[in-house]
Amino acid sequence: MQLYLCEKPSQASDLARVLGASERKDGYFKGGNIIVTFAVGHVLHQAEPEAYGEAYCGLWRLEPLPVLPSPWQMVPDPKTEGQLKVVVMLLRQADEVVIATDADREGEVIARSILSYAAYRGPMRRLWVSDSTPAGLRKAIAQMRPASQYEGLYASGLGRQRADWVSGMNLTRALSVAFAPRGVTLNFGRVQTPTLALVVRRERAIQGFKPKPYFAIQAEFLLGSATVSVPMRWQGQPGQLDAAGYLVDKTIAETVVQRVAQQTGTVTSVDKQAQRELAPLLYDLGALQRECSSRFGMSPDKTLATVQSLYEKHKLLTYPRTDCQYISEEMYPDAPKVLAAIARALPELSGTVASLGANGAPLRSPTRVFNSAKVAAAAHHAIIPTTGGQLPASGLAGAEADVYNLVARRYLAQFLPDHTFDETRVHVDCGGEAFVAIGRVTTEPGWKRLYPKATPTESTPAKSTRSRKAAVAEKDADHEASEAATVDLPAVSVGDTARNTRAVFEQKQTLPPKRYTEATLPSAMEAIDKEIDDPRLAAVMKNKEKAGIGTSATRSDVLKRLFMGDYFAKQKQSVVPTEKGMTLIALLERMCPALVDLALTAIWESALAEVESGQMQLDAFESRINQFVTQQVELVKQGKAAGVSFTFPEVTTPSPAPRRASSQSAASSPTPKAPGKTKAPQTVGEVCPSCGKGQLTQRSMKDGRPFTGCTAFPSCRHFAWINA
């Protein structure tokens, strides 16, 4: 019997339909010798610290830390234990297993953890699905590979999971016990904490910013026989500007204006060059999240949920959790089908699609986005429309329409001509002062016809009340800035006169750095080399592709946890740190500066990439992490012993509560609902009133709220809020 193991029921249903396994059973689909079953996400979890020794039971204590599991223990999730039993039963009957979970590191861990738990040792293959349409599934089935080719991916995923547990569990406990007031949890997360540090340091820079006055010269000239003046930019010479490029000497500003005002100068050079602008690369998840936030005010988390729905529910887009902006050269023959699908989904683009094949003309030769080498270095290709899918009868609407529209236009742009224009730079000398104006004349709109400019009366995309399709088409955010400084230029030649019609200077003040938004913060996390002061580390991170803080697939969850944990708050569109967040980073900078090193998570991620490629063994990676965490816990202990203290905002509670006991690491998922009914709290250490066997222990929800549970969990589900 051939057993396909999917990650979720919807995947199993889609795959079973393609495989002809139409007989629905309890927890699986059957058809002849083929069975398709499924997990429900993570059906197995890392055991709590209590499983590794009596020292970790009961109240949280600093002395026994760190807890460094060996061997690791996985326990079933009580909510999905029934389905796990079904999968294990089927695995014991299987002659071959096909891993069909999500085609990424997390999906590999989900499947392999179940196989390990069931002690399956038979043959295995891997189904790698990027396109979940029937055609995409059939293609993936025909290209299945031996599961052994993905051992490195599994080792990398396991290493990430264990590193997050060891660092999050130990450091969250240590920091909370040593420095937090009653009722407050100080979370540490491999990605979460450096991200918080990034925002805190930006906020400090803003709060400590002292505006510096400078002077801006504004000048306009009539060039040659023109009747309309052209604004031109003054070009300061060395010695006239400070190190940052500002004119800070008022005397110089006055002198320039006096020399130029109402004087006639000369056009010294006219430099005209034909320029070409290629279509932007296809979307990876991070680029799509930034674009949706910029255009529609859509959070990264909302964007991910939307593109996931377009992939899983409607089958209109390919796999979303990708860091790649290229597609393979083998996908080029499918381009006409993809373009036809775009025309069906977006009738307003049908004319553009039709023009590509007018009079039987072939499509343009494969563009730069068709690059198999780039795809081979990543787990998935870029996000593009599929050739099929299930378009709703009434069409897409809301966020789904926005996201699909962006992805479709970006793909279509690859087959349109390059955007070309003539760029002219006119230089003028007047009174010994140099001025320049830059003008552009479009010679071929090319792919930019997909992004017509907004009219002056239209508002910004995120706040606009016009149609969302117009907002999508308004501009391409990646290319707007390059046109901002251009002006309309008259016909002009070297030697023509340049008569000044306006010359003034205005005193201004330098502005503080901008606060991050949900659009710009993920970008800063990705391009972390720009935020690192150490030139050596910055160079290291810059040279490591995609070696930022976190990954495109995890950054939205990280931001959500920081908001939920009261480390971040929103001020209009800006992300600002709370008092709790500011204080935690100040504490860590004093006690454990390595934990807020912006390069930390990127270096770990780089090491995980070496594990995946086989350059580093998983044991060696774990040893490095264990050593690092042990050192940091020791620093916390030393700080506690020395009486170091920081004032954190306290949680107001109706009655005193003992210290919290067990908790998920800071890398855990958003707060779940508490199991069972709320009961009156009991004393930690007493016999459990529900089962009469285990002892009451104190634990915490993922947001830090304490409750009492039973040491016999999961067989005993006793639950009671503390301070209820």
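What counts and what doesn't
Residues numbered from 1 in each chain as written. Predicted model: local features only at pLDDT ≥ 70, side-chain atom pairs only at ≥ 80, totals over all residues. Heavy atoms only, no water. Salt bridge = Lys/Arg side-chain N within 4 Å of Asp/Glu carboxyl O. Buried < 20%, exposed > 50% of the residue type's maximum accessible area, 1.4 Å probe, protein only. Helix = DSSP H or I, 4+ residues; strand = E, 2+ residues; numbered from the N terminus. Pairing = 2+ DSSP bridges. Core = buried A, V, L, I, M, F, W, Y, C linked by side-chain atoms within 4.5 Å. Contact = heavy atoms within 4.5 Å. Axes fitted to C-alpha atoms, helices over the stretch in contact; angles between N-to-C directions. Phe/Tyr/Trp six-rings, centres within 6.5 Å; stacked < 30°, edge-to-face > 60°. Lys NZ or Arg CZ within 6 Å of the ring centre and 35° of its normal. Expected span 1.5 Å × (residues − 1). Left-handed = near helix turned anticlockwise from the far one by under 90°. pLDDT = per-residue confidence, 0-100.

Attention now goes to the pattern of salt bridges. The full count for this structure, using the stated rule, is 32 salt bridges. For Lys25, the salt bridge identified is with Glu23, shortest N-O distance 2.9 Å. Judged by relative accessible area, which is 32%, Lys25 ranks as partly exposed. Here Lys212 and Asp242 are joined by a salt bridge, their closest N and O atoms 2.8 Å apart. Taken together, the residues Lys212 in the loop between α6 (192–207) and β10 (213–223) and Asp242 in the loop between β11 (230–234) and α7 (250–260) connect sequence positions 30 residues apart. Taking the relative accessible area as the measure of exposure, Lys212 reaches 36% and is therefore partly exposed. The partly exposed category is assigned to Asp242, whose relative accessible area is 22%.

With that out of the way, let us pick up unusual backbone geometry. Here Leu65 and Pro66 are connected by a cis peptide whose omega angle stands at 5°. Considering the arrangement of structural elements, one finds Pro66 in the loop between β5 (44–46) and β6 (74–76). Put simply, Ser70 and Pro71 share a cis peptide bond, and its omega is 0°. Along the chain, Pro71 falls in the loop between β5 and β6. Not every positive phi belongs to a glycine, and Ala119 is a case in point at roughly 60°. Position of Ala119 relative to the elements: it lies in the loop between α3 (105–117) and β8 (124–126).

In this sheet, strand β13 (residues 419–430) lies alongside strand β12 (residues 264–277) in antiparallel orientation, the contact comprising eleven bridges. Directly across from Ser269, in β13, lies its bridge partner His427. In this structure, β13 lies alongside strand β14 (residues 433–444), joined through eleven bridges in antiparallel fashion. Its bridge partner being in β14, His427 is matched across the sheet by Val436.

A few words now on the nonpolar core. In this structure, Phe179, Leu186 and Leu521 are the most contacted members of the largest nonpolar core, which totals 64 residues. Elements represented by at least two residues in this core include exactly α5 (151–179), α6, α15 (520–526), α17 (555–564), α18 (579–591), α19 (600–613) and α20 (618–641). It is α5 that contributes the most residues to this core, eleven residues altogether. Once residues within four sequence positions are removed from consideration, Phe179 is found in contact with Leu186, Leu587, Met591, Val636, Gly639, Lys640, Val644, Phe646 and Phe648. Counting residues in hydrophobic clusters, the runner-up holds 52 residues, among them Leu285, Met331, Ala399 and Tyr451.

The next thing to look at is the sheet that holds strand β15 (residues 497–509). For sheets, the rule is that strands pair by backbone hydrogen bonds, running either parallel or antiparallel. Here we have six strands rolled up into a closed barrel, ordered β10-β11-β14-β13-β12-β15, and antiparallel in their pairing. When the angles between neighbouring strand axes are averaged without regard to direction, this sheet yields 40°. Along the sheet, α7 contacts β10, β11, β13, β14 and β15; its crossing angle with β15, the most-contacted strand, is approximately 160°.

Here we come to the packing of aromatic side chains. In this structure the tally under the stated criterion is 13 aromatic pairs. Judged by centre distance (5.6 Å) and plane angle (85°), the ring pair of Tyr311 and Tyr319 falls under edge-to-face. Plain terms: the ring middles of Trp447 and Tyr451 are 6.1 Å apart, the flat faces sit at 75° to each other, and that makes the pair edge-to-face. Here Tyr451 falls in the buried class, since its relative accessible area comes to 6%. Here a set of aromatic residues connected by ring pairs shows up, and it is made of Tyr332, Phe370, Tyr411 and Phe415. The lysine or arginine in question, Arg202, covers the ring of Tyr516, its NZ or CZ lying 4.3 Å from the ring centre.

This paragraph deals with the side chain of Thr195. Here Thr195 shows up in helix α6. Look at Thr195 and you get buried, because its relative accessible area is 0%. Here Thr195 is in contact with Leu521, Met525, Ile549, Val558, Leu559, Leu562 and Phe568, once residues within four sequence places are set aside.

It is worth spelling out the pairing of strand β16 (residues 568–571) at this point. Of the pairings in the sheet, the one linking β16 to strand β17 (residues 574–577) comprises four bridges and is antiparallel in character. Bridged to Ala569 within β17 is Val576. Counted along the chain from β16 to the antiparallel partner β17, the turn is two residues long, and its residue Lys572 has a positive phi close to 55°.

With respect to the element layout, Pro689 can be found in the loop between α20 and β18 (696–700). Take Pro689: its relative accessible area is 52%, and that puts it in the exposed class. Measuring from C-alpha to C-alpha, the distance between Pro689 and His718 comes to 8.1 Å, with 29 residues separating the pair along the chain.

Strand order in this open sheet of seven strands is β2-β3-β4-β1-β7-β8-β9, and the pairing throughout is mixed. Edge positions in the open sheet fall to β2 (23–25) and β9 (145–146), since each of these has one partner strand only. Summarising the sheet, strand β3 (residues 28–31) and strand β4 (residues 34–38) pair through four bridges and their orientation is antiparallel. For Phe29, the partnering residue across the bridge sits in β4 and is Val36. On top of the sheet, helix α2 (residues 81–91) reaches β1 (2–6), β3, β4 and β7 (96–100); it is set at about 150° to β4, its chief contact. Across the sheet, α3 is in contact with β1, β7 and β8; its angle to β7 comes to roughly 150°.

What follows concerns α5. The terminal C-alpha atoms of α5, which comprises 29 residues, lie 41 Å apart, in line with the 42 Å expected from a rise of 1.5 Å per residue. Across the 29 residues that make up α5, a large majority, 28, are buried.

Interaxial distance between α5 and α19 falls to 7 Å at its minimum, and their mutual angle equals 145°. Seen from above, α5 lies across α19 with right-handed handedness. Seen from α5, the contacting residues are Gly152, Leu153, Ala155, Ser156, Gly159, Arg160, Ala163 and Ser167; seen from α19, they are Trp604, Leu608, Val611 and Glu612.

What follows concerns the confidence of the model for the chain. Here the chain shows a mean pLDDT of 85. Residues at 70 or above account for 86%. Segment residues 454–484 is flagged for pLDDT under 50; beyond a separation of four residues in sequence, or across chains, it makes 65 contacts in the model. Low pLDDT, under 50, characterises residues 652–681; the predicted model gives this stretch 98 contacts beyond four residues in sequence or across chains.

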